[in-house]
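Inside the fold
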Amino acid sequence: MGEPSAEVPEQVDAGDGIIATRGLTKRFRGGQLAVDGLDLTVPAGSVFGFLGPNGSGKTTTIRMLMGLIEPSSGTARVLGRPMPRSVRTVLPRVGALIEGPALYGFLSGRDNLLRYDSADPTADPRTRRARVAAALDRVGLTAASGKKAKAYSLGMKQRLGLASALLQPRELLVLDEPTNGLDPQGMREIRSLIRELASDGTTVFLSSHLLDEIEQVCTHAAVMAQGRLITQGSVTELAAGTRGRLFVTTPDVGDAARVLKELGLADVVVAEERVTAEPPDRELAEVNEALVTAGVRVRGFGVERASLEDAFVALTGEGFDVAG
Ligand SMILES: Nc1ncnc2c1ncn2[C@@H]1O[C@H](COP(=O)(O)OP(=O)(O)OP(=O)(O)O)[C@@H](O)[C@H]1O
């Protein structure tokens, strides 16, 4: 039921993306418009960051992609197939970690994975132990595999969750806020694990409300705000579309700021021993010369590359400031 018949083969168009949505919309019963006309394209082989403040519609989108809830309108295709119609053929090829892993605290990490594996009707019981051992090894939990899961740190629980998603080879990993609640060390571990997984060709789609996290691990990103897509593209393109900032490092910040304003530079901001402004249209050397001529002791000077945060500010006119 629901699967396309042999006469109407599903075309998997690689150019279409591993995930592709068109006009995807979710309005909840109470009238809340959680996702509004989303057109998302996730290229094969990318580490795709789905970025947005809390409440911007990320989890709702992921739930629609995984066939957990029905869209109100629009379409979603995952691995080239329509969701939720193709849930049964698509989900076995996708490793998903949504809203934290469901673990039995009284079982060891290894026994939790054995349970997961035995719940999969396609998993051969004869190779179960080897599969579980490989997954534990992959996430660096071999040494702790005999410990009860309730004694695991949050980071270890998260890694065990990832191991459960990795019991079978996957074409796509979908991770909802994989570093949420972790300490900096735990975050670093999960990030390096994600990079490693991506390096052997798995497409990774992860949501996050942390800009620098996306910048550190993702090749591509989409930015959501209030249920709408603000932008998407490669991380370098997104940042490159935004101009960097001119900076002057000097003890004479007052004089430096005055000179920059006299030269017509916009958005001059003074901080301790540092003045920044929008980059000028004129030659940088001219600006430097004007500073030096005015007696400003220039200790550092140049244009900094724009970050994803600069891009976000430029797009929305506001900072990426999220509450908890
Ligand atoms: N089952 C539901 N019924 C009604 N409204 C909902 C439901 N689930 C989510 N919402 C609302 O939809 C909006 C988007 O929520 P969603 O959880 O998708 O955002 P998010 O970006 O994933 O945020 P978070 O990171 O906090 O999970 C929010 O305003 C939320 O209150």
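Let me sum up the structure you'll find in this document. Fair warning: this is a prediction, and the values are worked out from it, not measured in the lab. In every chain, residue numbers begin from 1 and rise along the written sequence. At least 70 in pLDDT is required for a residue's local features to be given in this predicted model, at least 80 for side-chain atom pairs to be given and counted, and no such filter applies to totals for whole chains, interfaces and linings, which use all residues. Neither water nor hydrogens contribute to the side-chain values; these are computed over all heavy atoms in the structure.

So, the nonpolar core
The nonpolar core is taken to be a set of buried Ala, Val, Leu, Ile, Met, Phe, Trp, Tyr and Cys residues, with the residues joined through side-chain atoms within 4.5 Å. Under the scheme applied here, a residue whose accessible area is under 20% of the maximum for its type counts as buried, over 50% as exposed, and between as partly exposed, the area being computed with a 1.4 Å probe on protein chains only. If you look at the biggest cluster of nonpolar residues, it comprises 39 residues, and the most contacted ones within it are L141, L162, V204 and L206. No other element matches helix α6 (residues 184–199), which puts six residues into this core. The contact rule is simple, with two residues in contact once any of their heavy atoms fall within 4.5 Å. Dropping the residues within four chain positions of it, L206 is found in contact with V47, F48, G49, F50, L175, P178, I194, E213, I214, V217 and C218. If you look at the next biggest cluster of nonpolar residues, it comprises 27 residues, including F48, M64, L172 and A222. By the criteria applied, helices consist of DSSP H or I runs no shorter than four residues and strands consist of E runs no shorter than two, each listed in order from the N terminus.

A closer look at the packing of helix α3 (residues 109–118) against helix α5 (residues 154–165)
Here an angle of 0 to 180 degrees is reported between the N-to-C directions of two axes, which are lines fitted to C-alpha atoms, with helices fitted over the stretch in contact. Relative orientation of the contacting elements α3 and α5 amounts to 30 degrees, with a least axis distance of 10 Å. Of the possible angle classes, the one that applies to α3 and α5 is roughly parallel. The crossing of α3 and α5 is right-handed. When α3 is examined against α5, the residues G109, N112, L113 and Y116 are found in contact with a partner set consisting of L160, A163 and S164. Asp, Glu, Lys and Arg are counted as charged, while Ala, Val, Leu, Ile, Met, Phe, Trp, Tyr, Cys and Pro are counted as nonpolar; the rest, among them Gly, fall into the polar class. Residue composition of the contact of α3 with α5, by class: four nonpolar, three polar and no charged. The labels follow the angle: roughly parallel below 35 degrees, roughly antiparallel above 145, roughly perpendicular from 65 to 115, and oblique for the rest. Two helices that cross are described as forming a left-handed crossing if the nearer one is turned anticlockwise from the farther one by less than a right angle, and a right-handed crossing if clockwise.

A word on the sheet that holds strand β2 (residues 33–42)
Any two strands between which DSSP finds at least two bridges are classified as paired. Taken in spatial order, the four strands line up as β2-β1-β4-β5 in an open sheet, and their pairing is antiparallel. Edge positions in the open sheet fall to β2 and β5 (81–83), since each of these has one partner strand only. Direction aside, the axes of adjacent strands within the sheet are offset by 30 degrees on average. As judged from the six bridges shared by strand β1 (residues 19–27) and β2, these two strands associate in the antiparallel manner. Bridge pairing links T21 to L40 in β2. Relative to the sheet, helix α1 (residues 58–65) contacts β1, β2, β4 (73–78) and β5, its axis offset from that of β1 by approximately 115 degrees.

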